[in-house]
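# Fold and geometry: a report
Here are the chains, one letter per residue:
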Amino acid sequence: MRGNVPMTKEEVRVITLAKARLAPNHVVWDIGAGTGSLSVEAALQATGGFVYAVERSPAGIHLIQSNMKAFGLDNLKIIEGVAPEALDELPDPDRVFVGGSGGHLTGILESVYQRLLPGGRIIVNTITLETAAHALELLQQFYGDVDAVQISVARVVKAGASHLLKGMNPVTVLSAEKRANY
Ligand SMILES: C[S@@+](CC[C@H](N)C(=O)[O-])C[C@H]1O[C@@H](n2cnc3c(N)ncnc32)[C@H](O)[C@@H]1O
């Protein structure tokens, strides 16, 4: 968390980015961008591309602005609004991250499927069983094959002279690819 904005942990970001297989020229949508931590990493990789960070919360927008400045990024734009409506004016993406949907998962995944370029990939991160099951069903319906992994990371923290393992909430990462011949 940064303030009251949830942030994707570094270890989860690494796997999420690996599933995306980003190329330098990719157009990326980060839907429910939160603090912008994933948007920033994507923008650092897609140096000749462009990242759109879609976020509805003013606190999140503020954090993304600070992060953009701190990293000196000019290939990242904040889209303040609620998806799926907020996606309408964006250029079609090569890669899409969904980090939050706020009850609009069906509409968001439908819009993404219509707009995703052939060969494009979508990665959905979920923390509840219900959202994971719903996302799995929708992704299977749209894309056929779905890759799903659950990540449980324990960080080592100092406790006096000892080191304890502190578990973090598991995250389910679902990903799928739009076939190139669509
Ligand atoms: C778990 S956080 C994302 C964390 C983010 N990946 C990061 O690293 O900071 C989910 C975010 O999605 C946003 N959100 C939820 N539904 C949304 C929607 N329909 N449109 C835009 N933002 C949304 C929330 O405001 C919240 O900041």
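An unreviewed UniProt entry annotates the chain as Putative cobalt-precorrin-6Y C(15)-methyltransferase (Decarboxylating) originating from Pelotomaculum schinkii. The heading Pathway (unreviewed entry) in the UniProt record of the chain holds the text "Cofactor biosynthesis; adenosylcobalamin biosynthesis."

### Re the environment of Val54
If you trace the backbone, Val54 turns up in strand S2 (residues 50-55). Expressed as a C-alpha distance, the spacing of Val54 and Ala161, which sit 107 residues apart in the sequence, is 44 Å. Beyond its immediate stretch of four places on either side in the chain, Val54 contacts Asp30, Ile31, Gly32, Ala33, Ile79, Gly81, Ala83, Ala86, Leu87 and Leu90.

### Topic: the UniProt feature "domain: Methyltransferase" (unreviewed entry) in the chain
The positions UniProt marks with the feature "domain: Methyltransferase" (unreviewed entry) are residues 25-131. In the segment residues 25-131, helix accounts for 35% and strand for 24%; the C-alpha atoms at its two ends are 31 Å apart.

### Digging into the side chain of Asp30
Relative to the helices and strands, Asp30 resides in strand S1 (residues 27-31). Lacking a salt bridge, the buried Asp30 has Arg13 as its closest oppositely charged neighbour, with an N-O distance of 9.3 Å. Only 2.6 Å separates the side chain of Asp30 from the side chain of Ser39, close enough to count as a polar contact. Apart from the residues within four sequence positions on either side, Asp30 is in contact with Leu38, Ser39, Tyr52, Ala53, Val54 and Phe97.

### Observations concerning the nonpolar core
Among the nonpolar cores identified, the biggest contains 27 residues, and Ile31, Leu109, Val112, Ile122 and Tyr143 are the most heavily contacted of them. Ignoring any residue separated from it by four or fewer positions in sequence, one finds Leu109 in contact with Val98, Ile122, Val124, Ala135, Leu138, Leu139 and Phe142. By size, the runner-up hydrophobic cluster in this structure holds 25 residues, among which are Ile64, Met68, Phe97 and Val173.

### As for the pattern of salt bridges
Side-chain pairs of opposite charge can arise whenever the charged atoms involved come near each other. Under the counting rule described, the total for this entry stands at six salt bridges. Note that Arg13 and Glu41 form a salt bridge whose closest N and O atoms lie 2.8 Å from each other. Remark: Glu41 occurs in helix H2 (residues 37-45) and Arg13 occurs in helix H1 (residues 10-20); sequence separation between them is 28 residues. Residue Arg21 is joined to Glu177 by a salt bridge in which the shortest nitrogen-to-oxygen separation is 3.9 Å. Pair noted here: Arg21 is in the loop between H1 and S1 and Glu177 is in strand S9 (residues 171-177), with a separation of 156 residues, a long-range link. Given the relative accessible area of 36%, Glu177 is considered partly exposed.

Cut-offs and rules
Residues numbered from 1 in each chain as written. Predicted model: local features only at pLDDT ≥ 70, side-chain atom pairs only at ≥ 80, totals over all residues. Heavy atoms only, no water. UniProt positions renumbered as here; feature names shortened; annotations may be inferred. Helix = DSSP H or I, 4+ residues; strand = E, 2+ residues; numbered from the N terminus. Contact = heavy atoms within 4.5 Å. Buried < 20%, exposed > 50% of the residue type's maximum accessible area, 1.4 Å probe, protein only. Lys, Arg positive; Asp, Glu negative; His and termini not counted. Salt bridge = Lys/Arg side-chain N within 4 Å of Asp/Glu carboxyl O. Polar contact = N/O pair within 3.5 Å; in protein donor to acceptor, adjacent residues only side chain to side chain. Core = buried A, V, L, I, M, F, W, Y, C linked by side-chain atoms within 4.5 Å.

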